[in-house]
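# Working through the structure, step by step
Below are the chains, spelled out letter by letter.
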Amino acid sequence: MTEIDLIVHGASQLLTMDPRLAAVGDDDPEAARIGVIPDGALAIHGTDILDVGSSEKILDSYRAQKTIDARGCVVSPGLVDPHTHTVFAGSRHLEFGMRMRGESYLDILAAGGGIHSTVSSTRDASLDDLVSLALPRLARALRFGVTTMEIKSGYGLALDAEIKILTAVRRLDGEQPIRLVPTFLGAHVVPREFVDRRDEYVDLVIREMIPQIAGEKLAVACDVFLDEGAFTADEARAILAAASNHGMAPKIHAGQFTDQGGPGLLAELGGLSADHLEVVSDEDVEAMARGGIVANLLPGAAFSLRDSFPDGRRFADAGVPVALATDNNPGSSRSENLPLMASMGVTRMGLDCAEAWQGITSNAASAIGMSDRVGSLVPGKKADLLLLSIPDFRAFLYHFGVNHTMAVVMDGKVIMKGTPV
Ligand code: NIG
Ligand code: FE
């Protein structure tokens with residue numbers, strides 16, 4: 001008997017996300033694809049998973065200081081939200097009202113509202129303000145089971161203000177449980193003061209912001225918004241190539257409104273994920289498949305902007321890994337509810353239930369370069385997991401819009417017990 005710290009046993013289904021670990025019959029290939037172990041258990045030592053298997057096998061092989069009886073629960077990896085803009089000041093509910101009366105997101109942006117309005121409020125906010133404003137958003141995400149989250153800058157659009165946002169992310173990483181992964185989005189839009197000198201702004205991003213932010217290790221990835229009203233393909237290429245030279249992984253917001261070839265460009269540069277992708281060419285889908293680029297799809301933005309949803313089926317059929325994210329931001333998608341995004345992945349985007357689960361766990365981890373640590377329940381990974389009060393992994397998507405999280409374990413410690421609502 002090996003002595004360890006924690007055993008979680010009796011899970012009606014343990015979702016390992018590794019098909020090689022599946023212990024289900026041929027009658028449930030969908031469960032097999034996400035490595036379901038019925039009556040499953042985990043052996044945890046320190047912060048990591050040591051072993052997984054049936055409850056019988058784990059309870060026979062290990063003795064633990066502490067055990068958690070997960071009877072009646074599905075146990076899944078902690079969820080990974082791979083695209084958010086969670087650090088910002090101000091609220092755009094008035095703009096939401098205007099949009100619901102028929103005004104367009106891009107017209108509001110072109111008139112100096114939209115992203116520009118959040119830039120003004122965020123520039124005016126102090127570092128302490130930004131941290132306090134983000135804490136309840138992170139607490140809400142954690143209650144929905146999110147244990148790892150990417151957060152982008154992009155509402156500063158000036159060196160000091162971008163650094164302030166990324167410093168807030170760094171502080172938040174230490175002040176609350178969710179693992180935060182910072183991305184620099186200095187090229188979100190051209191700030192108003194540079195509107196007639198956009199080349200100068202691109203130069204500033206390349207020559208000053210990227211070297212300093214990379215030098216201070218304030219971000220691990222760099223994103224560009226390539227679309228009408230934002231940056232062009234040539235500008236995106238120059239910015240992402242510079243970021244890559246400074247060790248930041250390229251990412252792109254592309255095809256939200258118009259197809260400008262962003263995913264192909266990202267594949268050329270060897271990036272991590274192309275995000276949004278409501279409008280995308282067949283060539284770019286193929287380039288993503290060849291380049292191992294994750295399609296990071298954002299149903300909340302399509303829902304809130306009343307746009308057509310990205311076609312998840314098309315990417316999955318082409319062999320492109322599909323991730324799903326909240327895109328939590330004050331304009332296009334104001335939500336921390338990642339399980340709801342997964343439900344929309346199945347009901348509106350053509351994914352099946354196993355693919356939606358991959359979208360918020362294993363593929364989401366790949367989209368942010370974290371797949372060696374989180375996103376699946378296999379030996380060697382972080383012991384970040386959820387106890388969910390559902391009878392089957394499909395019920396998580398079927399019973400939508402509510403919270404099924406009974407408990408959250410991170411780094412092998414129970415950090416939240418919740419009453420599902
Ligand atoms: O992912 N598309 C660009 N950026 C954000 C929206 C930002 C905002 O409206 O504040 C997005 O949808
Ligand atoms: Fe976004």
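Quick caveat, the model's predicted, so the values are computed rather than measured. (Residues numbered from 1 in each chain as written. Chains lettered and ligands numbered in written order. Predicted model: local features only at pLDDT ≥ 70, side-chain atom pairs only at ≥ 80, totals over all residues. Heavy atoms only, no water.)

### What about helix H5 (residues 115-124)?
Taken together, the buried positions of H5 are occupied by Ile115, His116, Thr118, Val119 and Thr122. One side of H5 carries all its buried residues, which in axial view fall inside an arc of 155°. Next to the buried residues of H5 lie helix H4 (105-110), helix H6 (127-143), helix H7 (159-175) and strand E9 (221-226). (Buried < 20%, exposed > 50% of the residue type's maximum accessible area, 1.4 Å probe, protein only. Helix = DSSP H or I, 4+ residues; strand = E, 2+ residues; numbered from the N terminus. Arc of directions from axis to C-beta. Contact = heavy atoms within 4.5 Å.)

### Section: the site of ligand 1
Near ligand 1 there are 15 residues, and of these Arg92, Tyr105, Tyr155, Gln256 and Ser332 occur at the shortest range. Between ligand 1 and aspartate 327, the relevant distance is 2.9 Å, taken from an oxygen atom to a side-chain nitrogen or oxygen of the residue. One nitrogen or oxygen atom from the side chain of serine 332 is found 2.6 Å from an oxygen atom belonging to ligand 1. Isolated, ligand 1 exposes 330 Å² of accessible area, and the fraction of that covered by the protein chains is 100%. Most atoms of ligand 1, that is more than half of them, are within 2 Å of grid points of the largest cavity. For the shell around ligand 1, the residue count by class is four nonpolar, nine polar and two charged. (Near = heavy atom within 4 Å. Polar contact = N/O pair within 3.5 Å; in protein donor to acceptor, adjacent residues only side chain to side chain. Areas by Shrake-Rupley, 256 points an atom, 1.4 Å probe, with all protein chains shown as cover. 1 Å grid on protein atoms, 1.4 Å probe; cavity = no way out; pocket = protein on both sides within 12 Å on 5 of 7 lines; lining within 4 Å. Sits in = over half its atoms within 2 Å of the grid points. Nonpolar A, V, L, I, M, F, W, Y, C, P; charged D, E, K, R; others polar.)

### Description of the packing of helix H14 (residues 338-348) against helix H15 (residues 353-360)
Axis angle and axis distance: for two packed helices, these are the angle between their axes and the distance between the axes, and together they describe the pair. Relative orientation of the contacting elements H14 and H15 amounts to 145°, with a least axis distance of 9 Å. Between H14 and H15 the crossing geometry is right-handed. Judged by residue contacts, Leu338, Ala342 and Val346 of H14 engage Cys353, Ala356 and Ile360 from H15. Looking at the contact of H14 with H15, its residues break down into six nonpolar, no polar and no charged. (Axes fitted to C-alpha atoms, helices over the stretch in contact; angles between N-to-C directions. Left-handed = near helix turned anticlockwise from the far one by under 90°.)

### Remarks on the side chain of aspartate 327
Relative to the helices and strands, aspartate 327 resides in the loop between strand E13 (322-324) and H14. If near-sequence neighbours (up to four positions away) are discounted, aspartate 327 is found in contact with Asp81, His83, Thr84, His85, His276, Leu298, Ala301, Ser332 and Ser333.

### Some thoughts on the layout of surface pockets
Empty space within the largest pocket amounts to approximately 270 Å³. Forming the boundary of the largest pocket are 15 residues, of which Ala110, His116, Val190, Val195 and Gly229 lie nearest the centre. At four residues, the largest contribution of residues to the lining of the largest pocket is made by H4. Among the residues making up the lining of the largest pocket, the classes are represented as seven nonpolar, four polar and four charged. (Points joined across faces, edges and corners; volume = space filled by probe spheres on them.)

### Considerations on the coordination of the iron ion (ligand 2)
Angles between donor atoms at a metal ideally measure 109.5 degrees for a four-coordinate tetrahedral arrangement and either 90 or 180 degrees for a six-coordinate octahedral one. For the iron ion (ligand 2), the protein coordination sphere consists of His83 (NE2), His85 (NE2), His253 (NE2) and Asp327 (OD), at 2.0 to 2.3 Å. As a motif over one chain, the donors of the iron ion (ligand 2) read H-x1-H-x167-H-x73-D. One end of the pair, histidine 83, is in the loop between strand E6 (79-81) and helix H3 (93-100); the other, histidine 253, is in strand E10 (residues 249-254), with 170 residues separating them in the sequence. Per residue, the accessibility class of histidine 83 equals that of histidine 253, and both read buried. (Donors = N, O, S within 2.8 Å, 3.2 Å for Na, K, Ca; no water.)

### Points about the packing of aromatic side chains
Taken as a whole and assessed by the stated rule, the structure comprises five aromatic pairs. Where phenylalanine 194 meets tyrosine 201, the ring centres are 5.3 Å apart and the plane angle is 55°; that geometry is what we call tilted. Exposure class is identical for phenylalanine 194 and tyrosine 201. Each is buried. Taken together, the aromatic side chains of Phe194, Tyr201 and Phe231 make up a single cluster linked through ring pairs. Of note, arginine 137 hangs over the ring of phenylalanine 88, and the distance from its end group to the ring centre comes to 3.6 Å. (Phe/Tyr/Trp six-rings, centres within 6.5 Å; stacked < 30°, edge-to-face > 60°. Lys NZ or Arg CZ within 6 Å of the ring centre and 35° of its normal.)

### What about the state of the cysteines?
Scanning the entire structure with this criterion turns up zero disulfides. Free cysteine: cysteine 73, not disulfide-bonded; nearest cysteine sulfur from cysteine 353 at 19 Å. (Disulfide = S-S within 2.5 Å.)

### Considerations on the domain arrangement of the protein
Each domain of the protein was delimited in the assignment, giving domain 1 (2-77 + 376-417) and domain 2 (80-367). Spacing between the C-alpha centres of domain 1 and domain 2 amounts to 30 Å. Contact with domain 1, which involves 25 residues of that partner, is made by 25 residues of domain 2. Buried surface at the junction of domain 1 and domain 2, summed over both partners, amounts to about 2,100 Å²; 67% is from carbon and sulfur atoms. Summed over the shared surface of domain 1 and domain 2, the number is three salt bridges. The residue aspartate 352 makes a salt bridge to arginine 33 at a minimum N-O spacing of 2.6 Å. Scanning the region where domain 1 abuts domain 2 turns up nine residue pairs in polar contact (both at pLDDT 80 or more). Those elements giving two or more residues to the side of domain 1 that touches domain 2 turn out to be helix H1 (29-33), strand E5 (74-77), strand E14 (385-388), helix H17 (395-398), strand E15 (405-410) and strand E16 (413-417). Element by element, the count of residues in the side of domain 1 that touches domain 2 is highest for E15, at three residues. (Domains from an automatic or database assignment. Buried area = accessible area lost by both parts, 1.4 Å probe. Salt bridge = Lys/Arg side-chain N within 4 Å of Asp/Glu carboxyl O.)

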